[in-house]
Structures are given as C-alpha cells and as structure tokens.
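# Survey of secondary and tertiary structure
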Amino acid sequence: PYLVQLVDEEGENRDLPLLGMGAHHEWALHGPSLDKSLVRNYMWYNIAGEIMEYAPNCRYCEVVLNGEYQGIYLLAETITAGEGCRLNLRMNIKNAQASGYLIRCDRPVEEDLETLRDIHVYSERTNENKHDFAIRYPGKNILTPELAKDIELDYSAFEKALYSFDYNSPEYGYRKWIDTGNFVDYYLLNEFTRNVDAGRYSTYLYKELGQPFRLCVWDFNNSCDNYREGETAPESFTVQEWNWFLQLFMDQDFVEQVIRRYGELRGTYLSDAYMVGYIRDTLDYLGPAVERNNERWPVDMPGEHHLEPEGRNPDTFEEAVADLQTWLLARGEWVDESIHALRQYAHPSRHKQYQH
C-alpha cells in the first residue's frame, strides 16, 4: 500500500479531486495482495456508503510506478478532513466540545502521521486488548495539548455514560451521545462479513459539528474468511464482544434494533442476489484489468500464500471468487437462523450492578 499526500509549493496540504472523487489532500492506494478476489474493500465500502451516512469514497485504478506496471489498486480517501471532505470536522479551537474531531482505535505500536498517541479514556478497557486511542483529526499543526485534553474529556464523558449503571437510561445513558442507528449498521456490516478488525483495529469514531458520535467502516481486507491467522467460519458472532458493543448488547432495546435492521438489510443490500450480483458486476467492470493484474501478481506466486493453514489459499483467481461467494451465501443462511440468539447478551438480570 501507499499513502499519497498532496501538497503545494510550500509543503502545505493541497486538496484536489482524484478520479472523480471529492477534493482531498490525503489518499490511500491499497493493493489487494491478501484479497485474491480483488473485490472485498471496494464492495463493502460502497455497500456501506448505501447504508450509512458516510463511507470512504474509492475508485479502482491501475498503477504504474517509475514505468513499471504494478497492477490493480484501490484509491480511497482517508478518513479525515479536507476542503471538500464530506465529513464536517471543522475545529473550533476555543471549544472542542462544539467542534468536530476523529479518533482512531488501533494497535499502539504503529507510528502514524499527524496523530497524537495515547489519549486516556474513561474506561481504559481497551488496554486489556492492547488497543490505543489516537486523535486522527485535528492534525498536529493545530492540535495543542489543551485541545487534545478537551477532546479526551469529551470522549470520556461518552464512555462514562456507556459504562455506568445507568447506561440505558434515557436521561443519563449512551443514547444521548451516539447515533444508535449508525452503531447498529456498523455492527451488522462488520459482523455479517466477520471482519476481525472491527471494533479493535482500524476503527474510526468521529463527531461532526453539533452531531453525536458515529463509526466509519475501514479495511475489509481480512473479512469473509480472509483472515491470515486462521479460518473465520460462517457460524459465529464475535463483534459484540469488542469495546462499545460489549456494553451496548446488554441493552435489550439495542439488540432488538439490531435484529430488526438485519431483516431490512437482508432483504436489500445483504441479500444473496445483491451480493453475488455485486461481485459479478464489479469484475465485469474491471474486465481485462483482472488478467493484467493477475499476470503481474499470479495467485499461486511463491510468497503470496498469506492464509494459514496453507490449504486455505486459492490456487486460481476463479477459485478465490468462488470461495468468497460460497462463504457469503453460507454466512447469510447461518445468520438468518441465528440472529435471534443475540438476545442472550441482553438477558434480564436482577443483579444489574454486576454486569459491569
């Protein structure tokens, strides 16, 4: 992958439109070396864009670097602010709580551009899983220690409401802080695809001006049984165990909203016909670029078998696509039969205080 930053003659950020997308100064060029089907990130970013208020804009392209053909890449806007960015993250330096900002939850060992590492949050639950919260916007040029502290206190107030005894109280609970429908959609997209990073790594939480907290999807490279370190079978629920969802699933109303919303999405964007058709239409659009890419990066190329154990790696491009489609159909069938089992996480208890 490559990070592309556009600057002017003075080295300042320069927002420009690329491939028909809105103006932005920072872009990610993702080469799908792990995803031999080539479609996972493109498919789920765009489906998320149909369902949620915001998902990263992305376009396929073929990359030539210093005269050498590098194959198919996905150009995507990074999740941050820019002159034409669809996220309204303008920062009021005098009052962070009335302004927009973006927080990323990820591994703490990675050095990142324009990021302040280690803000301390109310719960500190993430430390158990070696996660770290970082301010992704505003960037280092305008992020003062005082401003970072204001953001830290604002975010921690949300977590204090979520992890309190009154977490589901209309007056004091989490619903005053988040767009519940957004959290439901984020959960369902990442749970349906069994995206192992969701809620732990590459997880973005943003707060626009005057708006509640919302989540943004990012990185489906490991989804749909494409996780390097082992199989993610279609018969399991996992995302409800991570970070905010661990607590949200204690609320019966939230769980019922998840179940209802799944029924709606299963009849539209998560239907078998829609997903299979989306894969077919995407590959038809790519056309001969697929052959050029696979000539540059053969599926069976030595060193390109990333999945463990070895038998999980497809031998051909056609097999990679068939594996993805087969897994999605099996996943839909299992979730249809099992979605109501999520109610177990919100089972009534006379000892509510011991849930925390």
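Higher on the page you've got the structure.
Not measured: the values here are computed from a predicted model.

## Describing helix α5 (residues 252–266)
- The first and last C-alpha atoms of α5 sit 21 Å apart over 15 residues, in line with the 21 Å expected at 1.5 Å per residue.
- Residues of α5 that are buried include every one of Phe254, Val255, Val258, Ile259, Tyr262, Leu265 and Arg266, and no others. One side of α5 carries all its buried residues, which in axial view fall inside an arc of 140 degrees. Exposed positions of α5 whose direction lies more than 90 degrees from the buried face are Asp253 and Arg260.
- Where α5 is buried, its residues meet α1 (40–51), α3 (180–192), α4 (243–248), α6 (272–286) and α8 (317–338).
- Among the residues of α5, the N-terminal cap falls to aspartate 251, whose side-chain oxygen and the backbone nitrogen of aspartate 253 are separated by 3.2 Å.

## Looking at the side chain of arginine 194
- Within the secondary structure, arginine 194 sits in the loop between α3 and β7 (203–207).
- In this structure, arginine 194 is buried with no salt-bridge partner, the nearest side chain bearing the opposite charge being glutamate 191 at 4.9 Å.
- Sequence-distant contacts of arginine 194, that is, excluding residues within four places in its chain, are made with Asn222, Ser223, Cys224, Thr232, Ala233, Ser236, Thr238, Trp327 and Arg331.

## Let's talk about α3
- With 13 residues, α3 should cover 18 Å at 1.5 Å per step; its first-to-last C-alpha distance of 18 Å lies within 8% of that length.
- With twelve of 13 residues buried, α3 is to be regarded as a mostly interior element.
- Among the residues of α3, those classed as buried are Thr180, Asn182, Phe183, Val184, Asp185, Tyr186, Tyr187, Leu188, Leu189, Asn190, Glu191 and Phe192.
- Here α3 starts with a cap whose side-chain oxygen sits 3.2 Å from the backbone nitrogen of glycine 181, and that cap is aspartate 179.
- Phi for arginine 194, located one or two positions after α3, is positive at around 50 degrees.

## Details of the sheet that holds strand β1 (residues 2–5)
- The sheet built from four strands is open, its strands ordered β1-β2-β4-β3 with antiparallel pairing. The sheet is open, and its two borders are formed by β1 and β3 (58–65), each paired with just one other strand. Going across the sheet, the axis of each strand differs from the next one's by a mean of 35 degrees, ignoring polarity.
- Note that β3 and strand β4 (residues 68–77) share eight bridges and pair antiparallel. Bridged to glutamate 62 within β4 is isoleucine 72.

Parameters and conventions
Residues numbered from 1 in each chain as written. Predicted model: local features only at pLDDT ≥ 70, side-chain atom pairs only at ≥ 80, totals over all residues. Heavy atoms only, no water. Helix = DSSP H or I, 4+ residues; strand = E, 2+ residues; numbered from the N terminus. Expected span 1.5 Å × (residues − 1). Buried < 20%, exposed > 50% of the residue type's maximum accessible area, 1.4 Å probe, protein only. Arc of directions from axis to C-beta. Contact = heavy atoms within 4.5 Å. Polar contact = N/O pair within 3.5 Å; in protein donor to acceptor, adjacent residues only side chain to side chain. Lys, Arg positive; Asp, Glu negative; His and termini not counted. Salt bridge = Lys/Arg side-chain N within 4 Å of Asp/Glu carboxyl O. Pairing = 2+ DSSP bridges. Axes fitted to C-alpha atoms, helices over the stretch in contact; angles between N-to-C directions.

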